[in-house]
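# Architecture at a glance
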Amino acid sequence: MTRALLNSALAGMGTTIFAEMSALAVETGSVNLGQGFPDTDGPIEIAQTAADAVLAGLGNQYPPGPGVPELRSAIAAHQKRFYAVDVDPDTEVLVTAGATEAVAAAMLALLEPGDEVIALEPYYDSYAACIAMAGAQRVPVTLRAPQFRPDIDAIRDAITSRTRLILLNTPHNPTGMVATRAELTAIAELAIRHDLLVVTDEVYEHLVFAGEHIPIATLPGMRERTITISSGGKTFSFTGWKIGWVTGTPELVTAVRTAKQFLTFVNGGPFQYAIAAGLALPDAFYASLATDLRRKRDLLATGLRAAGFEVFVPDGTYFITTDIRALGESDGLEFCRSLPHRCGVVAVPNVVFYDDRAAGKTQVRFAFCKRDEVLADAAERLARLR
Ligand code: PMP
Ligand code: GLN
């Protein structure tokens, strides 16, 4: 066969860093602080609802394309409770196979070949792949250490006549940056002035330790041009269930649904009922999620500092980005590939989330959504690097 097998849009994308690093963790018996998933499942009442739904025959056959009504109503109620936004559960909500499918469907639905998408780098790895699969071009704007604030001038300069949309992620993986109202207002002004769409990935909306999470869709003039994406994976600690969702105007949601129906059509019937139950949990659940994670953040940050890393304390998400130069290291990818062998810990090199490889070369990300004793064990292992 003379022609390359893999579609050129995906050429060079290889295996995701998460799969590579989780496999390395298993192979070496290391503490896995690489791929972001909690090592404790979410609330038992949510799990029980899923089990009950399976046994009661709720959602065991194809659920409705937009998602089961119970979940769509729960998503609308959640947007109202936390952000005072009115969302029509019948026309403005779409349930997806995780936020991952929501991003993919949004890109496939909204982009034409040749369109440009402005994305903050380091970016979650599926963004680059989905933009490419849609035939569009990504135009990265770099978040720079130590604060990783969005550079509004750089975003303005990145806009061309081909720009179709801005792809945002706040709270931001991997840096932990939480965009402020002033930053989001400035981005919104640019979007309105240049008539751009905004797709915003807010899967870490409840994992905020400083400042507040503000959905850009709530800012003046943004409702009609914003697709908001979230997911139950992080909030409820069931990352394997892959129940995500999109909210937006009926026109935007219809466009995304058109693409989504040919990707998975539907998924996770019984889990949709369970996530609906999760979304109805009282405010105390959401507050204790953030309080717990803040404590874990501080635990891991202390361990990382003691081991010699420069630590960039995140305002949100369950990731800490570090710089390894303080350890006398200069290559994050090499460092992460050797770390399990050197001390039995797995992390993720941020460089894979950058186009500007130099900007992320010495950054390494650690996940802290783990039991305290696991974080303590990791800290002890990392101390051997000294
Ligand atoms: N967006 C970001 C920023 C993420 O970190 C993740 C993964 N954890 C996702 C999307 C994917 O979410 P899901 O598991 O719901 O597909
Ligand atoms: N979002 C998770 C992370 O950033 C992992 C998701 C995945 O494995 N694709 O670690």
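To start, this report covers the structure provided alongside it. (Residues numbered from 1 in each chain as written. Chains lettered and ligands numbered in written order. Predicted model: local features only at pLDDT ≥ 70, side-chain atom pairs only at ≥ 80, totals over all residues. Heavy atoms only, no water.)

### Focus on the sheet that holds strand β9 (residues 310–312)
- Ordered in space as β9-β10-β13-β12, the four strands form an open sheet in which the pairing is antiparallel. Of all the strands in the sheet, just β9 and β12 (348–349) have a single pairing partner and so form its edges.
- Bridge count for strand β10 (residues 319–323) against strand β13 (residues 363–367) is five bridges, and the pairing is antiparallel. From the neighbouring strand, Asp323 faces β13, where its bridge partner is Gln363.
- Each of β9, β10 and β13 is contacted by helix α11 (residues 283–307), which is oriented at about 15° to β10, the strand it contacts most. (Pairing = 2+ DSSP bridges. Helix = DSSP H or I, 4+ residues; strand = E, 2+ residues; numbered from the N terminus. Contact = heavy atoms within 4.5 Å. Axes fitted to C-alpha atoms, helices over the stretch in contact; angles between N-to-C directions.)

### Comments concerning the site of ligand 1
- Around ligand 1 sit 13 residues in total, of which Thr100, Asp201, Tyr204, Ser231 and Lys234 are the nearest.
- Side-chain polar atom of Ser231 to an oxygen atom of ligand 1: 2.6 Å apart, as the coordinates give it.
- Protein contacts shield 94% of the accessible area of ligand 1, which totals 400 Å² for the unbound molecule.
- Among the elements that take part in the shell around ligand 1, helix α4 (residues 98–110) stands out by supplying three residues, more than any other.
- Taken together, the residues that form the shell around ligand 1 break down as five nonpolar, five polar and three charged. (Near = heavy atom within 4 Å. Polar contact = N/O pair within 3.5 Å; in protein donor to acceptor, adjacent residues only side chain to side chain. Areas by Shrake-Rupley, 256 points an atom, 1.4 Å probe, with all protein chains shown as cover. Nonpolar A, V, L, I, M, F, W, Y, C, P; charged D, E, K, R; others polar.)

### Structural notes on the environment of Arg225
- Tracing the backbone shows Arg225 in the loop between β6 (197–201) and β7 (226–231).
- The spatial distance from the C-alpha of Arg225 to the C-alpha of Leu165 is 9.3 Å, given a sequence separation of 60 residues.
- With residues up to four places along the chain from it excluded, the contact list for Arg225 reads Ala191, Ile192, Asp195, Leu196, Leu197, Val198 and Leu252.

### Structural notes on the packing of aromatic side chains
- In the structure shown here, the tally under the stated rule is 18 aromatic pairs.
- Between Phe285 and Tyr286, the aromatic rings sit 5.2 Å apart at their centres with planes inclined by 80°, giving edge-to-face as the arrangement.
- Plain terms: the ring middles of Phe309 and Phe366 are 5.3 Å apart, the flat faces sit at 80° to each other, and that makes the pair edge-to-face. Of this pair, Phe309 sits in the loop between α11 and β9 while Phe366 sits in strand β13; the two residues are 57 residues apart in sequence, bridging distant segments of the chain.
- Since its relative accessible area comes to 0%, Phe366 is described here as buried.
- Here the aromatic cluster, defined as three or more aromatic residues joined through ring pairs, consists of Phe82, Tyr83, Phe236, Phe285 and Tyr286.
- Sitting above the plane of the Phe319 ring, Arg365 keeps its charged end 3.5 Å from the centroid.
- The ring of Phe37 is capped by Lys370, whose NZ or CZ atom sits 3.8 Å from the centre of that ring. (Phe/Tyr/Trp six-rings, centres within 6.5 Å; stacked < 30°, edge-to-face > 60°. Buried < 20%, exposed > 50% of the residue type's maximum accessible area, 1.4 Å probe, protein only. Lys NZ or Arg CZ within 6 Å of the ring centre and 35° of its normal.)

### Here we look at α11
- If you check α11, its first and last C-alpha atoms are 37 Å apart, about what 25 residues at 1.5 Å a residue would give, namely 36 Å.
- Regarding α11, the residues found buried are Phe285, Tyr286, Leu289, Ala290, Leu293, Lys296, Arg297, Leu300, Ala301, Gly303, Leu304 and Ala307.
- Among the residues trailing α11, Gly308 stands out with phi positive, at a value near 110°. (Expected span 1.5 Å × (residues − 1).)

### Points about the side chain of Thr96
- Position of Thr96 relative to the elements: it lies in strand β2 (residues 93–97).
- Judged by its relative accessible area of 0%, Thr96 is buried.
- At 2.8 Å, the side chain of Thr96 forms a polar contact with the backbone oxygen of Gly98.
- Setting aside residues no more than four positions away along its own chain, Thr96 makes contact with Glu101, Ala102, Lys242, Ile243, Gly244, Trp245, Val246, Lys260 and Asn267.

Function cannot be read off these values alone, since they describe shape.
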